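# Descriptive analysis of the structure
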Amino acid sequence: MAVNINPRRTPLIAGNWKMNLDHLQAIAFVQKLAWNLKDANHDFAAVEVAVFPPFTDLRSVQTLVSADKLPLAFGAQDMSARDSGAYTGEISGAFLAQLECQYVIIGHSERRTLHNESDEQVAAKVTAAVKHNLVPLICVGESAEDLATHGPSAVPVAQLRAALAGVTNAADIVVAYEPVWAIGSGQAATPDQAEQVAAALRGVLTETLGQDVADKTRILYGGSVKSGNIAAFMREPNVDGALVGGASLDIVEFSGIIRYHKHVGL
Ligand code: PGA
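Owing to the predicted nature of the structure, the values given are computational and were not obtained by experimental measurement. (Residues numbered from 1 in each chain as written. Predicted model: local features only at pLDDT ≥ 70, side-chain atom pairs only at ≥ 80, totals over all residues. Heavy atoms only, no water.)

Turning next to the environment of Gly-223. Its place among the elements puts Gly-223 in the loop between strand 7 (218-222) and helix 10 (230-234). Beyond its immediate sequence surroundings of up to four residues, Gly-223 is in contact with Glu-178, Ala-182, Ile-183, Ala-188 and Leu-243. (Helix = DSSP H or I, 4+ residues; strand = E, 2+ residues; numbered from the N terminus. Contact = heavy atoms within 4.5 Å.)

Structural data, given as structure tokens:
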């Protein structure tokens, strides 16, 4: 079975905390995670690790990461498409960049569903993220209904095309394929399903941003990823990492996902 060894795409394991852990819990968690991984001699250059805490934790996480020189990346779970102004409750990408966020999740299915975010809004946020030198982690995925009606790749492909409307081939982006039916359900996609859609998404990248960008852009799988199923996803040639929700809140489980090489001997 093929192993993802594309030297242009460092695997990325990203933890989406959603609305969990306050800033004090975040400090304790990040410290412990970093110790755990260091103790295990994790090679951060071989598998990159990023966490996505709530907005109110970001300053604390930034301070800790910078003071202790932790080899962890971090980012926000959403951002505004605007730079500043009368937008009560919104957070500018400029603020996130000031906090040394490297990444920002855009278009998570919970934002699309619970906050009615449209493809156009997602595209505007992606454009704004790139403008502020943040790497947008663009989430796409089909619902169970979409899957039954349109098959596995039609909706994610259309969402990615829309999200890239304002992106040029100079931008650094990450794509996450997260089937809505797999998120938080305990029912992950099969590695074959993830690969099929990831390959289709790479096709969209080739078509819209060119071969070079398509070759170097990481495509993650997300939806009920655990330490017990990550290895099979990582064996797929077009899957370059994972966006992890629930399991990213458990240090042992998340460390197991990050260190997928160890427990499968890849
Ligand atoms: P899950 O969430 O790992 O809990 O399924 C994934 C996500 O929403 O990013």
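Here the narrative resumes.
All right, on to the environment of Ala-50 then. Position of Ala-50 among the secondary structure elements: in strand 2 (residues 48-52). Ala-50 gets classed as buried once you look at its relative accessible area, which sits at 1%. Counting along the chain gives 163 residues from Ala-50 to Val-213, while the straight-line C-alpha distance between them is 21 Å. Residue contacts for Ala-50: discarding those within four places in its chain leaves Leu-12, Ile-13, Ala-14, Gly-15, Ala-73, Tyr-103 and Phe-254. (Buried < 20%, exposed > 50% of the residue type's maximum accessible area, 1.4 Å probe, protein only.)

This part takes up the nonpolar core. Judged by nonpolar contacts, the single largest core of 68 residues is most densely connected at Ile-13, Leu-160, Leu-164, Ile-173, Leu-201, Leu-205 and Tyr-221. Looking at this core element by element, the count peaks at seven residues for helix 8 (residues 191-209). Discounting chain neighbours no more than four positions away, the residues touching Tyr-221 are Tyr-177, Pro-179, Ala-182, Ala-188, Ala-189, Ala-194, Phe-233, Val-239, Gly-241, Ala-242 and Leu-243. With 14 residues, the next largest nonpolar core counts Ala-50, Cys-139, Val-174 and Leu-220 among its residues. (Core = buried A, V, L, I, M, F, W, Y, C linked by side-chain atoms within 4.5 Å.)

The environment of the ligand is made up of 13 residues, and the closest members are Lys-18, His-108, Glu-178, Gly-184 and Ser-224. Ser-224 is positioned such that a nitrogen or oxygen atom in its backbone is 2.7 Å from an oxygen atom of the ligand. Within the backbone of Gly-245, an N or O atom sits 2.8 Å from an oxygen atom of the ligand. Calculation on the ligand without its partners gives an accessible area of 280 Å², and the protein chains cover 95% of this total. Classifying every residue of the shell around the ligand by side-chain character gives four nonpolar, seven polar and two charged. (Near = heavy atom within 4 Å. Polar contact = N/O pair within 3.5 Å; in protein donor to acceptor, adjacent residues only side chain to side chain. Areas by Shrake-Rupley, 256 points an atom, 1.4 Å probe, with all protein chains shown as cover. Nonpolar A, V, L, I, M, F, W, Y, C, P; charged D, E, K, R; others polar.)

This next bit is on the sheet that holds strand 6 (residues 174-177). Across a sheet, strands are paired by hydrogen bonds formed along the backbone, either parallel or antiparallel in direction. Read around the barrel, eight strands follow the order 1-2-3-4-5-6-7-8 and close on themselves; strand pairing throughout is parallel. The mean angle between the axes of side-by-side strands here comes to 25°, regardless of whether they run parallel or antiparallel. (Pairing = 2+ DSSP bridges. Axes fitted to C-alpha atoms, helices over the stretch in contact; angles between N-to-C directions.)

Looking now at the packing of aromatic side chains. Scanning the entire structure with this criterion turns up four aromatic pairs. Between Trp-17 and Phe-29 the ring centres are 5.3 Å apart and the planes differ by 75°, which places this aromatic pair in the edge-to-face class. With Trp-17 in the loop between strand 1 (12-16) and helix 1 (23-39) and Phe-29 in helix 1, this residue pair connects regions lying twelve residues apart in the sequence. One exposure class covers both Trp-17 and Phe-29, and it is buried. For the ring pair Phe-52 and Tyr-103, a centre distance of 6.2 Å and an interplane angle of 55° mean the geometry is tilted. Taken as a pair, Phe-52 in strand 2 and Tyr-103 in strand 4 (residues 103-106) lie far apart in primary sequence, 51 residues in all. According to the relative accessible area criterion, Phe-52 is buried, its value standing at 0%. Owing to a relative accessible area of 2%, Tyr-103 belongs among the buried residues under this scheme. The structure contains a cluster of three or more aromatic residues connected by ring pairs, namely Tyr-177, Tyr-221 and Phe-233. (Phe/Tyr/Trp six-rings, centres within 6.5 Å; stacked < 30°, edge-to-face > 60°.)

Further remarks concern the pattern of salt bridges. Counted according to the given criterion, the structure contains 13 salt bridges. As a salt-bridge pair, Glu-48 and Arg-218 come within 2.7 Å of each other at their nearest N and O atoms. With Glu-48 in strand 2 and Arg-218 in strand 7, this residue pair connects regions lying 170 residues apart in the sequence. Take Arg-218: its relative accessible area is 12%, and that puts it in the buried class. Each of Asp-78, Arg-111, Glu-117 and Lys-125 takes part in salt bridges that share partners, so that together they form one network. (Salt bridge = Lys/Arg side-chain N within 4 Å of Asp/Glu carboxyl O.)

What follows concerns the side chain of Ser-80. Residue placement: Ser-80 occurs in the loop between strand 3 (73-76) and helix 3 (93-98). Apart from residues lying up to four places away in sequence, Ser-80 is in contact with Glu-90, Ile-91, Lys-125 and Ala-128.

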